[in-house]
Amino acid sequence: MDETLLIILLLFILGIFSWFGYTRMFIGMLAQFSMLVMAALVGNPDWLGDNVISIINRMWMLFSMMLNGGFQIIAGGDFGQLNEIYAVAELQPPLILPQNRDIVLFIFMLLLIVGSFFVANKIMKKSSRLLGVFFGLVNGLMVIFMLLPVLGGGQGILPTLEPQTPLEGILGIFQMATKLLLVPVAIMFEVLGSWAIVVIILAIVILAASTARGGKRSAAAKASSSSSGNS
Amino acid sequence: MGPLEILFLTIFIIFILISLARGYLRELGVTTMIFVALFLITEFGVPYLPQLLERVYDFFNVTLTTRAEQHWIAITFSLLLILVVFASYAGLNTFAFRGVPQKGFAGFVIGVLVGALNGYLFGGTLWWLQDITYYPVVDLGILLLPLTITGETLAQYLPPYLVPPMFWAVMVMIMLILRVRR
């Protein structure tokens, strides 16, 4: 896919996530964030993925041990025979074969991502909407960062397609955020030329001036009167 | 000394931190003063100072070299801008906006934006003064040329390069209208 088109698509996805953050508010987004962190850790074999696979395979081995006479041995109290059953179970192929590892981890990651939306809906509490939007954007970036390489995109957008450590993953998300957030500014400069700076300056000034609440006195006058009151 | 863009970035970050500490309504007063300084420097200062310098040098029967002229322009207007900003911070709060700033995350974001704007205007103008005068600081051994690729790219986006001088006058009017509107 053309990189510009991909960036526009990603910005659209981020827009959806920020809207989701606005409606689900901060607490809901925080819950989703924790689920997404878990998804990122589980989805990568080097982080938690291999441990998860290993735990599932061991659970499966234990289960097959129980089905193949384990219950009878425990009920009969003859624990010496457990070693024999264990040796037999160990020879059987694991539930998740090494060649299926990646696809299974991807499915787990996908389930956790989908689950995170349900969790966000469930834990929707009245809290800051603005922080909700912020965490919505963070969550959107995380989902893009996790899914884009798997779906075969990301060259030129993601700094590294295979982060070796979680820290590299976090760095990658920061770099991607910087790039994606600078794109609107770049597009604005492309369309408006140097007048884009006029729009940006006006937007900041008007936004800041219009959000001041109440009060007839200036912030400076208040500060000076409070300091004289203290003295 | 390191690349110029690092100095620019440092100024940028310091202004953001100051804005967060002082509150963005006070910072808007500083923004107004920077707009005034920018208008004076770009509309009158830079075009007319060389003529004035020539007359003064002629009066003393001394030839004004191009490099000396560049030094004069850079140092005079850099000091003027620094003085204006210093005065804005050191008690001249006449232009501070009224009211109570937003609290919480919204206040933080607006504080960062206003601080970033002030940092860009201040740092960008100081850089611009160096750029139009072919970097007189090099003669003082403070900076080594050539600029890095990032520095050259950033130098294209310095505030006085992007908009005409009259824009700063318009901005001063807008700021005054916004201030008295409430």
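Definitions and limits used
Residues numbered from 1 in each chain as written. Chains lettered and ligands numbered in written order. Predicted model: local features only at pLDDT ≥ 70, side-chain atom pairs only at ≥ 80, totals over all residues. Heavy atoms only, no water. Helix = DSSP H or I, 4+ residues; strand = E, 2+ residues; numbered from the N terminus. Buried < 20%, exposed > 50% of the residue type's maximum accessible area, 1.4 Å probe, protein only. Areas by Shrake-Rupley, 256 points an atom, 1.4 Å probe, with all protein chains shown as cover. Expected span 1.5 Å × (residues − 1). Axes fitted to C-alpha atoms, helices over the stretch in contact; angles between N-to-C directions. Parallel < 35°, antiparallel > 145°, perpendicular 65-115°, else oblique. Left-handed = near helix turned anticlockwise from the far one by under 90°. Contact = heavy atoms within 4.5 Å. Nonpolar A, V, L, I, M, F, W, Y, C, P; charged D, E, K, R; others polar. Core = buried A, V, L, I, M, F, W, Y, C linked by side-chain atoms within 4.5 Å. Salt bridge = Lys/Arg side-chain N within 4 Å of Asp/Glu carboxyl O. Phe/Tyr/Trp six-rings, centres within 6.5 Å; stacked < 30°, edge-to-face > 60°. Buried area = accessible area lost by both parts, 1.4 Å probe. Polar contact = N/O pair within 3.5 Å; in protein donor to acceptor, adjacent residues only side chain to side chain.

1. Considerations on the overall build of chain A
Line of reasoning, step 1. Assigned secondary structure in chain A consists of eight helices and one strand.
Line of reasoning, step 2. For chain A, the N- to C-terminal ordering of α and β elements is α-α-α-α-α-α-α-β-α.
Line of reasoning, step 3. Of all 231 residues assigned to chain A, the portion counted as buried reaches 35%.
Line of reasoning, step 4. A total of about 13,400 Å² of accessible surface is found on chain A, and carbon and sulfur atoms cover 70% of it.

2. Some thoughts on the overall build of chain B
Line of reasoning, step 1. Regarding its fold elements, chain B presents seven helices and one strand.
Line of reasoning, step 2. Mapped in sequence order, the helices and strands of chain B form the string α-α-α-β-α-α-α-α.
Line of reasoning, step 3. Scored against the burial criterion, the 182 residues of chain B give a buried share of 48%.

3. Some points on helix α4 (residues 101-122) of chain A
Count 3.6 residues to each turn of an α-helix, and residues three or four apart come out pointing the same way.
Line of reasoning, step 1. Helix length check: α4 of chain A, at 22 residues, gives a terminal C-alpha distance of 31 Å against a target of 32 Å (1.5 Å per residue), a fit within 8%.
Line of reasoning, step 2. Burial in α4 of chain A covers these residues: V104, L105, M109, L112, I113, G115, S116 and A120 of chain A.

4. As for the packing of helix α7 (residues 195-210) of chain A against helix α2 (residues 24-59) of chain B
Line of reasoning, step 1. α2 of chain B packs onto α7 of chain A with a crossing angle of 140 degrees between their chain directions and a minimal axis gap of 10 Å. By the angle class used here, α7 of chain A and α2 of chain B are oblique. As for the relative orientation of α7 of chain A and α2 of chain B, their crossing is left-handed in sense. On α2 of chain B, the residues that touch I201, V205, A208 and A209 of chain A of α7 of chain A are Y24, L25, L28 and F35 of chain B.
Line of reasoning, step 2. Within the contact of α7 of chain A with α2 of chain B, the residues separate by chemical class into eight nonpolar, no polar and no charged.

5. Side note on the nonpolar core
Line of reasoning, step 1. Judged by nonpolar contacts, the single largest core of 62 residues is most densely connected at I201 of chain A together with F35, L121 and W168 of chain B.
Line of reasoning, step 2. Of all the secondary-structure elements, those providing two or more residues to this core are α7 of chain A together with α1 (4-22), α2, α3 (66-89), α4 (104-132) and α7 (165-181) of chain B.
Line of reasoning, step 3. Per element, the largest residue contribution to this core is 15 residues, and it comes from α2 of chain B.
Line of reasoning, step 4. Those residues in contact with W168 of chain B, other than ones at most four positions away along the chain, are I201 of chain A together with F35, L38, F39, T42, L121, P159, P160 and V163 of chain B.
Line of reasoning, step 5. With 29 residues, the next largest nonpolar core counts I53, M146, L148 and M176 of chain A among its residues.

6. As for the pattern of salt bridges
Line of reasoning, step 1. Enumeration over the complete set of coordinates arrives at four salt bridges over all chains.
Line of reasoning, step 2. Between D102 of chain A and R101 of chain A there is a salt bridge, with its nearest N and O atoms 3.2 Å apart.
Line of reasoning, step 3. Overall, D102 of chain A belongs to the partly exposed group, its relative accessible area being 48%.
Line of reasoning, step 4. Residue classification places R101 of chain A among the partly exposed positions, given a relative accessible area of 27%.
Line of reasoning, step 5. Between R22 of chain B and E27 of chain B there is a salt bridge whose closest N-O contact spans 2.7 Å.
Line of reasoning, step 6. Relative accessible area serves as the criterion here: at 21%, R22 of chain B is assigned to the partly exposed category.
Line of reasoning, step 7. Judged by its relative accessible area of 0%, E27 of chain B is buried.
Line of reasoning, step 8. What you see here is one network of salt bridges that share partners, running through D50, R101 and D102 of chain A.

7. Quick look at the packing of aromatic side chains
Residue and element names in this part refer to chain A.
Line of reasoning, step 1. Following the criterion strictly, the structure yields 18 aromatic pairs over all chains and no others.
Line of reasoning, step 2. With 5.8 Å between their ring centres and 85 degrees between their planes, F134 and F135 make a pair best called edge-to-face.
Line of reasoning, step 3. Since its relative accessible area comes to 39%, F134 is described here as partly exposed.
Line of reasoning, step 4. Under the relative-accessibility criterion, F135 is labelled buried at 15%.

8. Digging into the packing of helix α2 (residues 45-76) of chain A against helix α3 (residues 82-91) of chain A
Residues and elements named next belong to chain A.
Line of reasoning, step 1. Between α2 and α3, the shortest axis-to-axis distance is 9 Å and the interhelical angle comes to 150 degrees. Accordingly, the angle class assigned to the pair α2 and α3 is roughly antiparallel. Handedness of the α2/α3 crossing: right-handed. Across the interface between the two elements, M61, S64, M65, N68, G69, G70 and I73 of α2 pack against L82, I85, Y86, A89 and E90 of α3.
Line of reasoning, step 2. Across the contact of α2 with α3, the residue classes break down as seven nonpolar, four polar and one charged.

9. What about the interface of chain B and chain A?
Line of reasoning, step 1. At the interface, 34 residues of chain B touch 29 residues of chain A.
Line of reasoning, step 2. Carbon and sulfur atoms supply 74% of the area that chain B and chain A bury against each other, a total of about 2,700 Å² over both sides.
Line of reasoning, step 3. At the junction of chain B with chain A, the criterion picks out zero salt bridges.
Line of reasoning, step 4. At the junction of chain B with chain A, the criterion picks out zero residue pairs in polar contact (both at pLDDT 80 or more).

10. Observations concerning α7 of chain B
Line of reasoning, step 1. Over its 17 residues, α7 of chain B extends 25 Å from the first C-alpha to the last, a length consistent with the 24 Å expected when each residue adds 1.5 Å.
Line of reasoning, step 2. Listed in full, the buried residues belonging to α7 of chain B are F167, W168, A169, M171, V172, M175, L178 and R179 of chain B.

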